[in-house]
Amino acid sequence: MSYAFHPIASMFPLLDEVELAALAADIRQHGLREPIVLLDGKVLDGRNRTTACTMAGVEPATKEFHGSEIDAIDFVYSENRRRRHLNSSQAAIVEVKRSEMIEGCQAKLAQIKADAKQRQSEGRSKGGKAAGKGRPKDSSTQTIEQSKAVDRNERSTDAVRAKAAGTNRQYIADAEKIVKHPELAERIEQGKLTIPQAKREIARREKLVAMETKAADAIAKQNGSSPWKIVHGNCLAELPKIKGRARLVFADPPYNIGVDYGRGKDADKKPAEDYLTWCHQWMSLCVNQLTPDGAMWVMICDEWADAFGLILGEVGLERRAWVKWYETFGVNCSGNFNRCSRHLFYCVVNPKKFVFNREAVSRPSDRQTKYQDKRADPNGKILDDVWQVPRLVDNSPERIPGFPTQVPLEIMRRIVGCCSEPGDLIVDPFSGSASTGAAVLELGQGRRYVGIEREERFCQLSTTRLSSILSATDAEPSGSPGKRKRTAAAVGKR
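Just so it is clear, the structure is predicted and the values come from calculations on it, not from any experiment.

*Asks:* Is there a simple way to explain the nonpolar core in this structure?
*Replies:* Note on soluble globular proteins: their nonpolar side chains tend to be buried together. Within the largest apolar cluster, 70 residues are counted, with the highest numbers of intra-cluster contacts made by W282, M296, W297, F308, L344 and I411. Leave out the neighbours within four places in its chain, and W282 touches C235, L236, L239, A251, P253, M296, V298, F308 and F430. Counting residues in hydrophobic clusters, the runner-up holds 19 residues, among them M11, F65, Y77 and C105.

Quick look at the structure:
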């Protein structure tokens, strides 16, 4: 005989397949040790035993529960707390579900009382024998049930509920929000998710919705105008001319180590004092260009990293991270360690208020990929502060011929995605090959890019690059799965 499950029985999670199989094997060998409890012909307590009996081919013994619905809730809660071993997250979800069931019973009792009063009032209005017909002859049962519910609520402060459930007050408060997302609550019950992970997922979803709305507004405001601009000129002169504040500035300046950026190697070999004074000037201008919650990333080589770290603090920025970009292979050095990394300083104007989108800088964790640990956050973990991204070689599809120090798009996708939102302005005072602009156009959502470049030839090359990306992006419908691949292909053609 098959039995339907009573809604109260759903208070506790079902066992997983392995646990059910073990229970079925035990029942097959030793029989059902504890009968199934029914309420109104439905399984009140024993969903797992009922399922296991079906698997084992055993007809389950049953007994009927006698009591009110609130008593039934208390019974199921007490019996399963005795038998089940729940983690703190699961316990919080169960406690919230129990409370909601009790509140539902309270609402029913309140409605019964209201209906009775209404019938009583209607009877009185008719007069004579009909007067008082709507009044219950004996409302003691309802009064007792309501008293139980009131007493239970008075006892059930967050602290008491948490202690009784075997969890903590914060988890109870969080679980009350999470149960509004049934699929997340179910995964917590199954032990596949924790309360903190579910909170992050809810926040992530809410943020995505907000960003989509913001993106639509930003695109509408652009009204078909170009989202990017390459300015030919000196950054010291051009930075103050930019209209609007930037949420993000990325700077990969000349390294002053003798690289030919178009004016010969000697132009990149200034006296140290002159070079650092100039760096202080453009960094100050960049900070002036930032929004109060803006961020600035600066890339530099080993020779000047220590000095740059100090200057960034002097111009009013707070460092959040010092990232090392490991290029996987680099320049061989005679009599010294090979040069195969660069420094990325990540700084913000206000350390208490800034944009940080973890999704743009997350990767699958070892718990997910190596150990298949069900406790692993399904959204992965934030990247470490060492980024292993191959340097662009001459035959790379992404490489722009003739440009000496092109930054890989992978680096820029992370930075732009992490530190900007839809509609934001992103500025690069040393635009070069415009990898920053390419990342901005790829991410889209109304983001805007202004790049400053002093070499006219590089302005022309980057203009061609960004034009081709924008053309490829416009040709694809929004959200198209092939959009990024085709955009990358367009980049490689130049």
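We are not done yet, so read on.
*Asks:* Can you walk me through the packing of helix α7 (residues 169-178) against helix α9 (residues 195-222) in this structure?
*Replies:* For any two helices packed against each other, one specifies the crossing angle of their axes together with the interaxial distance. At their nearest, the axes of α7 and α9 sit 10 Å apart, and the two run at 45 degrees to each other. It follows from the interaxial angle that α7 and α9 lie oblique. Of the two elements, α7 crosses α9, and the hand of that crossing is left-handed. Contact residues: α7 offers Q170, Y171, D174, A175 and I178, while α9 offers I195, P196, A198, K199 and I202.

*Asks:* What's the story with the sheet that holds strand β5 (residues 246-251) in this structure? I'm lost.
*Replies:* Spatially, 8 strands are ordered β4-β13-β12-β5-β6-β8-β7-β11 in an open sheet, and the strand pairing comes out mixed. The open sheet has two edge strands, β4 (228-232) and β11 (386-388), and neither has a second partner. Each neighbouring strand pair of the sheet contributes to a mean axis angle of 20 degrees, computed without reference to strand direction. Pairing geometry for strand β7 (residues 318-331) and strand β8 (residues 339-348), over 9 bridges, is antiparallel. Across the sheet, W325 pairs through a bridge with R342, a residue of β8. Sheet contacts for helix α14 (residues 409-419): β5, β6 (290-300), β7, β8 and β11; angle to β5, the most-contacted strand, approximately 155 degrees. Strands β4, β5, β12 (425-428) and β13 (448-453) of the sheet are contacted by helix α15 (residues 435-443), whose axis makes an angle of about 170 degrees with β13.

*Asks:* Is there a simple way to think about α9 in this case?
*Replies:* Because the α-helix completes a turn every 3.6 residues, residues three or four places apart line up on one side. Across its 28 residues, α9 extends 40 Å between first and last C-alpha, which sits within 8% of the 40 Å expected from 1.5 Å per residue. Backbone geometry just downstream of α9 places N223 in the positive-phi region, at approximately 50 degrees.

Procedures and definitions
- Residues numbered from 1 in each chain as written.
- Predicted model: local features only at pLDDT ≥ 70, side-chain atom pairs only at ≥ 80, totals over all residues.
- Heavy atoms only, no water.
- Core = buried A, V, L, I, M, F, W, Y, C linked by side-chain atoms within 4.5 Å.
- Buried < 20%, exposed > 50% of the residue type's maximum accessible area, 1.4 Å probe, protein only.
- Contact = heavy atoms within 4.5 Å.
- Axes fitted to C-alpha atoms, helices over the stretch in contact; angles between N-to-C directions.
- Helix = DSSP H or I, 4+ residues; strand = E, 2+ residues; numbered from the N terminus.
- Parallel < 35°, antiparallel > 145°, perpendicular 65-115°, else oblique.
- Left-handed = near helix turned anticlockwise from the far one by under 90°.
- Pairing = 2+ DSSP bridges.
- Expected span 1.5 Å × (residues − 1).

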